[in-house]
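# Coordinate inspection notes
Each chain is listed here by its residues.
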Amino acid sequence: MTDPHAYKLVARSRGEPLGMARGIPADFGSCDEPGEACELRSVWVTSQARGQGVVDLLIDAVEAWARRGGARTLRVAALPGNARALAVYRRHGFEDAAALGDLLPDRVTREVVLEKTLTSPAASASTPATGS
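Structural notes, computed from the coordinates. (Residues numbered from 1 in each chain as written. Predicted model: local features only at pLDDT ≥ 70, side-chain atom pairs only at ≥ 80, totals over all residues. Heavy atoms only, no water.)

Our next topic: the layout of surface pockets. To find the voids left in a structure, one rolls a probe of water-molecule size over its atoms. Taken as a whole, the largest pocket encloses approximately 820 Å³ of empty space. The wall of the largest pocket is formed by 37 residues, among which Val 43, Val 76, Ala 77, Ala 78 and Tyr 89 lie closest to the centre. Considering each element in turn, the lining of the largest pocket owes the most residues, seven residues, to strand E3 (residues 37-45). Tallied by class, the residues present in the lining of the largest pocket amount to 20 nonpolar, six polar and 11 charged. (1 Å grid on protein atoms, 1.4 Å probe; cavity = no way out; pocket = protein on both sides within 12 Å on 5 of 7 lines; lining within 4 Å. Points joined across faces, edges and corners; volume = space filled by probe spheres on them. Helix = DSSP H or I, 4+ residues; strand = E, 2+ residues; numbered from the N terminus. Nonpolar A, V, L, I, M, F, W, Y, C, P; charged D, E, K, R; others polar.)

The following block contains the structure:
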């Protein structure tokens, strides 16, 4: 399903993709109503770009987008064994959420859900990147 309200980013250098991320309104709703949550999804960085701050720029841009839309919470889910991703999200201020993650194909394990409480756009020090 495609959400016309999604915020999609591709990081490039010299025309080559380095990474991507997208933000979506929770439950494919709208982040236009204050108090709503948005989700950080599809975060990916090439192996060559890892350790160069690309993931930080992508996460910061989606976070700024969610704030501009009035969201109070930004959520992200990761596989339980993806220690690198979980460490990155925690470094960005995400904390374990009470919500259960989606059930994985083994029908036993669930995704780890993290969330971050957002401040207003004026209170944020992040500089938003451009996206669509």
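Residues of helix H2 (residues 83-91) that are buried: Ala 85, Leu 86, Val 88 and Tyr 89. Along H2, the residues classed as buried sweep out an arc of 160° about the axis, all on the same side. Turned more than 90 degrees away from the buried face of H2 sit Ala 83, Arg 84 and Arg 91, all of them exposed. At its buried positions, H2 is contacted by E3, helix H1 (54-68), strand E4 (73-78) and strand E6 (112-117). Just downstream of H2, Gly 93 is the residue with a positive phi angle, here 95°. (Buried < 20%, exposed > 50% of the residue type's maximum accessible area, 1.4 Å probe, protein only. Arc of directions from axis to C-beta. Contact = heavy atoms within 4.5 Å.)

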